[in-house]
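So the chains spell out like this:
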Amino acid sequence: MVEHAAIRVVYRGGSKINFREPVITNDSRFLLCGSGESVKVYSTSTEECVHDLKGHTDLVTGVVLNPSNHLQAYSCSADGTVRLWDFTDGILIKTFIIGYHIYSIHVSEKHLGVLFLVVPMANEKGSDLLQLVAVHLPRTGDQVVETSELSAVLCDVSPNPSAVSFGTGGEYIAAAKGLQLEVFFFKKQKSYRFFLKSGMNKGVNNSFTCISCHPKEDCIASGHADGKIRLWRNFNQKKEYTYTTMHWHHNSVNTLRFTPEGTNLLSGGIESVLVQWRYTQENQKDFLPRLGAAITHIAVSPDGSLFCTSHADNKITIIQSSIKVSAIIQGLVEDDGVQTDLMIDPRSKALVLNGKPGHLQFYSLHRDKQLYNLDIVQQEYIHEQGLDQFQVVKAAFDTHGDWLATVEERRQNRSELEINLKFWAYDEQTQSFVLNTTVTTPHEDRITAMCFSPSPETTLLVTTSLDGHFKAWLLADHSDTQESASWSCDFVGGYHLLKPGCLCFSADGSLLALGFQEVVTVWSPTSWELLTTLSQPPGALRDLCFGRLSCSKYLLGTSTQNQLCCWNLLTCSLEWNTPMDVSLLQADPLSENMAAFCSQSGSTDLFVFKPSEPRPLYSKKAICTGKVERAIFAPRDQMLESSDEHSQWLNRSQLYFLTQHMDLMTFSTKTEEDRLLASSKQLMVDDSVAVTPFYLLLGKHKQEQQEKQEVLNNPLAERTQLPQGSIAIKELLETPAHVLPSASFLCSMFVRSLLMSNSSTRGEGEPAEDEMESESEEVDSDEEADPVHQRQDLCGSAPGPVEDVGAPALSKAQERELRRVRKFDHSWLSSLVDCKP
Amino acid sequence: MASFKPTKIQIYPKLGEKVTQDTLYWRNYKAPVQIKEFGAVRSIDFSPIAPHNYAVTASTRIHIYGPFSQEPVKTFTRFKDTAYSGRFRSDGQLLVAGCEDSVVRLFDVSGKVALRMFKGHTKGVHVADFTSDSYHILTCSDDYTSCLWDIPNSTELTKYKEHTDYIRCGATSKLNKDLFVTGSYDHTLKLFDARVQKSVMTMDHNQPVECVLFYPSEGLLVSAGGRYVKVWDLLKRGQPLVSLKNHHKTVTSLCLSGNGQRLLSASLDRHVKVYNTTNYKVVHNFDYTASILSLALAPEDESVVVGMTNGILSIKHRKISEEKQEAIGQPRRRPVFRVFVKGRNNIPKQEDFLVSKPVMSHLAKYDKQLKRFNVSKALDTALESWKKHRKPEITVAVIKELDRRGTLKNALAGRDEQNLSQLLNFLIGNVVDPRFASVLVNATEMILDIYHAVVGQSSVVDRQLVRLQELVEREIDYQQDLLEVLGMLDTLFASILPRKGLPCPSNSGPNGLAEGHSGPQMKVS
């Protein structure tokens, strides 16, 4: 099995944008946030990604604005480097190599040229103690700078970046960890520590979670795990410090932030309510409820006009200071694993998977952006820890995208499982799915698999459940009754009380294969007759897949005991089998190809093959670490025309898969990458204007027009310059006078040629010339494109007409021709010169 | 941000028949008017002339009722014995009736004394009808004969002696004056042609025929006898078309709806069934209190009149449709159309500043409380709404929502005697309802957990708890009985089903039948 360099596994989005606090630029127009290994620059008004600052080789762990230049930003990463970016142009300016895993970065206006980084303690390698160090940035012009001057400021800090804060413009730095608050004064070079009594014996966890310092006054606000906020004052001595307590949050306070003027304090937690406390009037609060998911970070723009909150569901909400949501930047949501399979919406070609609790998300693969959320559960989400929530666990589209079926379930700790099966119809008018039928408790136990029949005649859904039955659901049309069409159970089946685990329809919908533990049963969906059973070597079935197109007579199955089997349905016998631990088998809907992901010794291998022959078309070892549980073939909108045997399988559709770390990866070929690169270059836009789809449409058009205008204007300038620089004139002037024709003869012609040339240039500007003139000019400007060539041409062919010029009476046509000749150049003179001697 | 999502009230499927257009049509009758006659109502016939009076033959009299009066407008009492088959002529002027004393009498509708008496039968005459030219009368008698009479001369024209048993029904063709059909207790139907003076077609019904009916086109014939209603194709030499067996007692009367699209059959099993004449499926069913002997529909289906064996005549009038009501009653003044569209088509100018008004969504009272996390109050308002509207779905939905939020215990706790008894009242009313049981049993357990310490302090609560206990015990007994029945059925099905090579999955499961009973609950939103 050969590895093919032409096909690479590439990262395709889905990274977290809520890992660290986002940063709003000084002019409030852009928002910077770390996203995986890059820093993304979003426009705050249009929610569009403007730049993707790439360069880090590991997770970006912090982004801050450069205090000395508000158009630059520092980012730190787990790869041990700090990079300085010009985010308006998307350029990497400098790279500082620190050499340690950096957890977070802090800067202050008082300390220009100094970065405060949280890095592991240098001396103790194994321990996970962290320290805050100050790094003096060397002033060199180099692109890559090694910095080794680290001076420790605080020891034993929390890895949480929101537990460190600069106070009063950088006079002191406060850090909290556990039950301890430490304040370090830079002037006095002295630190004070304050301890809270543990509330554990009272059943409360009052450890610090986050702190924020007042920008003007000596006040530190600290958030605690029990939901309390404490305001610390008078902390520049050991003894007489005071604090006041405010309590609204019922769970841990995740983040705290003072507004730049210090008039308000913002706090957020799992309740997903943004609370705005008035400083000094703490009983006055403003709320912004139902922000969708737990708030993890709050950032405030330097002028205080915008807030933004990061949420646990990979979302950044931009909020105006009047507590009104103005924009939402939403990434791929992947909280606690993907429960539903990856699916492709046949209409929008978007990737569909479960997103926020109780929602399905539609995610555009090409733009790395969430398109919309479909509320499946339709219940008020209660933000509370330890509460059983409804989860969307299964979803399926029919072939045309007209119907969507979803299964939601909630496992209560005491009582039985709650399952709902919902059918959604696509509504052309609203361009979204509308609930049609809800079936409560469709099965007595968990639903293991669900699939629509691909046959165009019937709308049929089959569900299998751990209760040992499979059910067929049909769209019953009650045309005679008042009710609209709804779904109802058509057939209940089982096989020897075995639990069905997987099912698959053949491509034309005429056969249904159901895996009952070790037995494959093949049914006819029209009559619900059990056609045949295929025995599987020991081990429960994991996946079943019918071959497509030319391989439609094959049925593939994988078992838990490392077997991949292929049956021939015509002979009902085993065609071939191989020992493989296939964790996932995926069929390409547009070709015969199958992709099998095999997990082997901690990493996953991919094999692409056709069911007709047990020889892989393509194989790649160790595409990622861990098991691949979800993958999907997404149809391409533009077919590739690769003739290479090994990359042909990528021609019609692209294979996406989710790794264990919830990264969305795909396979891409060289040609495709080149094309993408080219298109991304084309799409480079001026950042001075916020990038909107309209701008992309109209702005480019405008630019082109401008260029055209310039092209039109330029020739004029060139033309007027022509006489001076012409070689012909030079020659004319340098040739001895006695070999020239008589001056009167030359002069009149020369002068006239100048006149003509002038009039023609004027003609360009004035459209009020006569028809003939402008027509000839068009020809002229067309030929302008290649003046040198023209000149040479003329040199060769000129003599004829030039001879005629001598005649006193010229026919009109001749004159016109002569004029045209003259207009091109003055080289006619040189030809004259040439032929004279 | 996203607005509060109100509590989802589960819509439970309505059990029983599906609501179809037919159901709506046939249900659209007022409560029946009941009139007590002297004996079993043998026959009902509507006058073809407006105002469509109808003649009701019962015992020894014929009453003629007006369309809306409950008192007879006319009564014919000159019968020596039980009268049969009072029929109007097509002009509504004459009425003919048979009698047990074998004499057929012809009345003028406005007169009282019989105009003509047709004597010639030897036994009771059960059928008397006018032919389509209105000059002749067809009579069928228990002496196995049927006769044609000339009205002006009151003479017998022809006598047909082809049947071998009582002739209890007959019908004349409306299109041809010479054709008529008779049905007899000898199980046959015979189609007679007066021109050849003999039967031209014989159909075997296999049961004593009680009623025959021509379709308006007269290409089809319907007969009722025994439990069967049969349809015959006359154009195919009397080929049987369908045999309907929807009654479980003898079908006594047949009738077609005004547009000829529906067939109605009445039976001794006290039901009237409505069939669709295209697919012969039952589309509606009327229930009556006694065995039905006669049935008639007013033209345009304005009323359904049914006569029963206990002498009760039941009349259902059609409800006046909405538009008609509008026309009758004062038209309600509505705001002018312009009021509604005012400003609707206004296009904002360029300098206009648009102020968008946030759409306020209306929340129910309990939702408002839930939004504020006032769990006890939310439960209180939900119980209040149950008391007012008797809609347990809402209360159950709120309890379910509280349970989902994990705050049901808080909501149930801390109640005084009055509050608790109200809650227990609700539980007593609904806990055994299979639709709500899963939610309410959980809540009941919680209540018992919370309040077991205070049992015995209040007599009201104690009484309710005892009632609840009885209720639950009884329900458990029921369930046990049902399970036993289910087990019996399973063994029966297992022994009945033929052994196949492959298992028949739909019924072979241990509780294959149970799927039918406790199948998934559906709702359409």
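Residues numbered from 1 in each chain as written. Chains lettered and ligands numbered in written order. Predicted model: local features only at pLDDT ≥ 70, side-chain atom pairs only at ≥ 80, totals over all residues. Heavy atoms only, no water.

A. Molecular detail of the overall build of chain A. Secondary structure summary: chain A contains 9 helices and 57 strands in total. Per-residue burial for chain A yields a buried fraction of 52% across its 837 residues. Put simply, 44% of the contacts in chain A that link residues at least 6 apart link residues at least 24 apart. Carbon together with sulfur atoms contributes 51% to the accessible area of chain A, which is approximately 38400 Å² in total. (Helix = DSSP H or I, 4+ residues; strand = E, 2+ residues; numbered from the N terminus. Buried < 20%, exposed > 50% of the residue type's maximum accessible area, 1.4 Å probe, protein only. Contact = heavy atoms within 4.5 Å. Areas by Shrake-Rupley, 256 points an atom, 1.4 Å probe, with all protein chains shown as cover.)

B. Structural view of the pattern of salt bridges. Per the stated rule, a full pass over the model turns up 31 salt bridges over all chains. Linking A:K110 and A:E171 is a salt bridge whose minimum nitrogen-to-oxygen distance equals 3.8 Å. Taken together, the residues span a long stretch of sequence, with A:K110 in the loop between β10 (104-106) and β11 (114-120) and A:E171 in the loop between β15 (164-167) and β16 (172-177) at a distance of 61 residues. For A:K110, a relative accessible area of 51% gives the class exposed. With a relative accessible area of 35%, A:E171 lands in the partly exposed category. Among the salt bridges present, the one from A:D402 reaches A:R347, with a minimum N-O distance of 2.4 Å. Of this pair, A:D402 sits in the loop between β35 (391-397) and β36 (403-411) while A:R347 is found in the loop between β31 (343-344) and β32 (351-354), placing the two residues 55 residues apart along the sequence. Residue class for A:D402 comes out partly exposed when judged on its relative accessible area of 30%. The exposure class assigned to A:R347 is partly exposed, which follows from its relative accessible area of 34%. Through salt bridges with shared partners, a single network forms among B:K177, B:D178, B:D193 and B:R195. (Salt bridge = Lys/Arg side-chain N within 4 Å of Asp/Glu carboxyl O.)

C. Quick look at the nonpolar core. Among the nonpolar cores identified, the biggest contains 37 residues, and B:I399, B:L402, B:L424, B:F426, B:L440 and B:I447 are the most heavily contacted of them. Put simply, the parts of the chain that give this core at least two residues each are α4 (365-371), α5 (375-389), α6 (392-405), α7 (408-412), α8 (417-430), α9 (437-451) and α10 (459-496) of chain B. Discounting chain neighbours no more than four positions away, the residues touching B:I399 are B:L379, B:L408, B:F426, B:V439, B:L440 and B:A443. A:F597, A:C624, A:W649 and A:F667 belong to the second largest nonpolar core, which has 19 residues in total. (Core = buried A, V, L, I, M, F, W, Y, C linked by side-chain atoms within 4.5 Å.)

D. Representation of the packing of aromatic side chains. Counting across every chain of the model gives 51 aromatic pairs over all chains. Plain terms: the ring middles of A:F423 and A:W487 are 4.4 Å apart, the flat faces sit at 5 degrees to each other, and that makes the pair stacked. Residue A:F423 is found in strand β37 (residues 417-427), and its partner A:W487 is found in strand β42 (residues 486-493); the two are separated by 64 residues along the sequence. Lying across the ring of B:Y12, B:R435 places its NZ or CZ 5.3 Å from the centre. (Phe/Tyr/Trp six-rings, centres within 6.5 Å; stacked < 30°, edge-to-face > 60°. Lys NZ or Arg CZ within 6 Å of the ring centre and 35° of its normal.)

E. Looking closely at α8(B). All names here are of chain B. The first and last C-alpha atoms of α8 sit 20 Å apart over 14 residues, in line with the 20 Å expected at 1.5 Å per residue. Here α8 has its buried residues at L420, S421, Q422, L423, L424, F426, L427, I428 and N430. Residues of α8 that are buried make contact with α5, α6, α7, α9 and α10. (Expected span 1.5 Å × (residues − 1).)

F. Up close: the environment of B:G183. Relative to the elements of secondary structure, B:G183 occurs in strand β15 (residues 179-184). Each residue touching B:G183, except ones within four places of it in the same chain, is listed here: B:I167, B:R168, B:C169, B:T188, B:L189, B:V209 and B:V212.

G. Seen up close, α5(B). All names here are of chain B. Helix length check: α5 (15 residues) gives 21 Å between terminal C-alpha atoms against 21 Å at 1.5 Å per residue, within 8%. Of the positions making up α5, those classed as buried are V375, A378, L379, T381, A382, L383, S385 and W386. Those residues of α5 that are buried lie in contact with α4, α6, α7 and α8. A positive phi of about 55 degrees marks R390, the residue just after α5.

H. Molecular detail of the confidence of the model for chain B. All names here are of chain B. Overall, the prediction assigns chain B a mean pLDDT of 85, with 91% of residues at 70 or greater. Across residues 501-525, where pLDDT falls below 50, the model places 57 contacts with residues more than four positions away in sequence or in other chains. Confidence metrics for the complex model read pTM 0.68 and ipTM 0.72. (pLDDT = per-residue confidence, 0-100.)

I. Here's a closer look at a positive patch on the surface. Residue and element names in this part refer to chain B. A contiguous patch of positive charge on the surface is contributed by K365, K368, K371, R372, K377 and K388. Elements supplying a minimum of two residues to the positive patch: α4 and α5. Broken down by element, the residue count for the positive patch peaks at 3 residues, all from α4. (Patch = residues over 30% accessible without salt bridge, like charges linked within 9 Å, V, L, I, M, F, W, Y side chains within 5 Å. Lys, Arg positive; Asp, Glu negative; His and termini not counted. Charge placed at Lys NZ, Arg CZ, Asp CG, Glu CD.)

J. A look at the sheet that holds strand β12 (residues 130-136) of chain A. Residues and elements named next belong to chain A. Across the sheet, 4 strands lie side by side as β10-β11-β12-β14; this open sheet has antiparallel pairing. Of all the strands in the sheet, just β10 and β14 (150-155) have a single pairing partner and so form its edges. Sheet twist, expressed as the mean angle between neighbouring strand axes with direction ignored, is 30 degrees. Here β11 pairs with β12 via 7 bridges, running antiparallel. Looking at the pairing, P120 lines up with L130 of β12. (Pairing = 2+ DSSP bridges. Axes fitted to C-alpha atoms, helices over the stretch in contact; angles between N-to-C directions.)

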